[in-house]
Amino acid sequence: MMRALHRRRLGLGLLLAGLVASACHEAAPANDQTQAVAKPAGISLPAPVPPKEGAAVTGVYRNLFVDMGKSADEVKQKIDAAYKQLFHGEPGQQAVMFAGKDNEFGPTAYIMDIGHNDVRSEGMSYGMMIALQLDQKADFDALWNWAKTYMYHADEHHPAFGYFSWQMRPDGTAIDEMPAPDGEEYFATALLFAANRWGNGKDRFDYAQEANALLSRMKNRGPITGTVNGNTTATGVSLFNTEVKMVRFTPNSGNFEVNKDHTDPSYHLPAFYEIWALQGPEADRQFWADAAKTSRDYFVKATHPKTGLAPDYAHFDGSPKAASWDANSVDFRFDAWRTVMNWSMDAAWWAKDPRETELSNRLVTFFASFGKYYPNTYKIDGTPTSQSSSSGLYSMNAVAALAASDANAWQFVETLYKQSVPTGQWRYYDGLLYLLAMLNVSGAYHAYLPAH
């Protein structure tokens, strides 16, 4: 059975000890994943035309499934059914969300990586964003309550003070206490949207206060040296490099000596930074506006000029980064799948950079050259590095259509619509990406802004 590594992260403490923390996802074998992907029907539609004004400005969110001929009711029913299955379905083969213990703040719940029996800040924050978009406040609050109870570091002497452990056991004990910044990015934005959609509550459910405190620390928090993971001395810093205005792969200052301070292209979320520039702490709003522009420039630098593929990790100049623990991080792999969603969502919401259309066109042209099925990992020049295919990648490629002006994009929208909701051992990553893609492509993924 062929398996490919997904999202290998290093714990800050283990990095300083020179060891690899290789808690990672694994892509399912090809025969598991391709069963979930239906063949697209022949499509003859005009090339999509990205709007000149973003949906966050106009309030008009395109439903590409409706543009393709589906009814709005059918689309909504499909998304609602997928949410019900992944968040409230049969626990053995369907669900990724599970109930935790109630506390003084109410119910708790966690999103579990089924394949590795752990809980990750990535999945928790994705779960919150999905629940927010579908107006599932009880689920949102339960997930946030679990994250704040078990993942959050309130100790001012801890290197991860103000951040969230990226990897936990389902019982709430930490595997790696240091953060992965993409989790914090989604937490902050989901909380701001919750404040705008539902209004603020009390204590940890004062969403705007929680979001703004987190945003301030993400940019401004100073170095803290202390003990992580029980026995390792480490120094944690801010989640953003304020000199280059980019999100870090890790806030581990010790790792900089070995791997240099670097980034992950799939962590760049200019659509979110624009929100923070409007609603985040006032002193940092210009920084976030600048960071959005920097990330748009970065997508062009970090992606291959012909294929549109990005590496998993990259230097701040956009060149691929071979990590000391994994030289294959220079390739397009499981983190990098999401990069197209990030620039396409930015194009849909803000429409500030026509180069995002060029990027989507490159990517859909590249993948369309394979036909209906294609591998899930590549060198960034387009050379396949696996024989497996994954529904998560199929889902992300569909989001490209929000920015694309190439008729090939419809093939990926159709494929997404005909996919089955992921089940089984690897349903965590594929399932969450599937739901995020469905929300994006259907126009149900909204930027909730403050009422004027």
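This one's a predicted model, so the numbers in the text were calculated from it and none came from an experiment. (Residues numbered from 1 in each chain as written. Predicted model: local features only at pLDDT ≥ 70, side-chain atom pairs only at ≥ 80, totals over all residues. Heavy atoms only, no water.)

1. Overview of the pattern of salt bridges
Counted only if it meets this: Every case where a carboxyl oxygen of Asp or Glu lies within 4 Å of a side-chain nitrogen of Lys or Arg is listed as a salt bridge. Starting at the N terminus, helices and strands are each numbered in turn, a helix being any DSSP run of H or I of at least four residues and a strand any DSSP run of E of at least two.
Under the criterion given, the structure shown has 23 salt bridges. Among the salt bridges present, the one from Glu 358 reaches Arg 362, with a minimum N-O distance of 4.0 Å. Note that Glu 358 and Arg 362 are positioned in helix H14 (residues 355–368) at a spacing of four residues, about one turn of the helix. Bridged by salt links that share partners, the residues Glu 122, Asp 182, Asp 335 and Arg 338 form one connected network.

2. A few points about the packing of aromatic side chains
Put simply, the rule reads: Note on ring pairs: Phe, Tyr and Trp rings are taken, using the six-membered ring of Trp, and paired if centres are within 6.5 Å. Classes follow the plane angle, with under 30 degrees stacked, over 60 edge-to-face and the rest tilted. To sort residues, take the accessible area from a 1.4 Å probe on protein chains only and compare it with the maximum for the residue type: under 20% means buried, over 50% means exposed, and anything in between is partly exposed.
Within the structure shown, the criterion is met by 43 aromatic pairs. Each ring, one from Phe 240 and one from Phe 287, has its centre 6.5 Å from the other, and the planes form 80°; the classification is edge-to-face. Residue Phe 240 is located in strand S10 (residues 240–241), and its partner Phe 287 is located in helix H12 (residues 285–302); the two are separated by 47 residues in the primary sequence. A relative accessible area of 8% places Phe 287 in the buried class. For the pair Phe 249 and Tyr 267, a centre-to-centre distance of 6.2 Å together with 15° between the ring planes defines the contact as stacked. You can see Phe 249 sitting in the loop between strand S11 (246–247) and helix H10 (253–259) and its partner Tyr 267 sitting in the loop between H10 and helix H11 (270–279), a full 18 residues away along the chain.

3. So, the side chain of Asn 255
Formally: Under this definition, polar contacts are N or O atom pairs within 3.5 Å; protein pairs additionally need one hydrogen-donor-capable and one acceptor-capable atom, and for neighbouring residues in sequence, both atoms have to be side-chain atoms.
On the secondary structure map, Asn 255 appears in helix H10. Polar contacts involving the side chain of Asn 255 include one to the side chain of Asn 259, which spans 2.7 Å.

4. Notes on helix H6 (residues 121–133)
One turn of the α-helix equals 3.6 residues, which is why residues spaced by three or four share an orientation. Just so we agree on the cut-off: Given the number of residues in a helix, its expected span is that number minus one, multiplied by 1.5 Å.
If you check H6, its first and last C-alpha atoms are 18 Å apart, about what 13 residues at 1.5 Å a residue would give, namely 18 Å. In terms of burial, H6 is largely enclosed, as 13 of its 13 residues are buried.

5. Details of the confidence of the model for the protein
Which entries qualify depends on this criterion: How sure the predictor is of each residue is captured by pLDDT, a score from 0 to 100. Any two residues whose heavy atoms approach within 4.5 Å at even a single point are treated as in contact.
Mean pLDDT over the protein works out to 91, with 90% of the residues at or above the 70 mark. The low-confidence segment residues 1–41, where pLDDT is below 50, has 133 contacts with residues more than four positions distant or belonging to other chains.

6. Side note on the sheet that holds strand S4 (residues 109–113)
Each strand in a sheet pairs with another by means of backbone hydrogen bonds, the pair being arranged parallel or else antiparallel. Convention followed: Paired strands, as defined in this entry, are two strands with at least two bridges between them according to DSSP. Here the axes come from fitting lines to C-alpha atoms, over the contacting stretch only for helices, and the angles between their N-to-C directions go from 0 to 180 degrees.
Spatially, the five strands line up as an open sheet ordered S3-S4-S5-S6-S7, and their pairing is antiparallel. Each end of this open sheet is capped by a strand with a single partner; those strands are strand S3 (97–99) and strand S7 (174–176). The pairing of S3 with S4 spans three bridges and is classified as antiparallel. Bridge pairing links Met 97 to Ile 111 in S4. The strands touched by H6 within the sheet are S4 and strand S5 (118–120), with S5 carrying the most contacts at an inclination of about 65°.

7. Re the environment of Ala 190
Here Ala 190 shows up in helix H8 (residues 181–198). Residue classification places Ala 190 among the buried positions, given a relative accessible area of 0%. Excluding residues within four positions of it along the chain, Ala 190 makes contact with Met 128, Met 129, Leu 132 and Phe 140.

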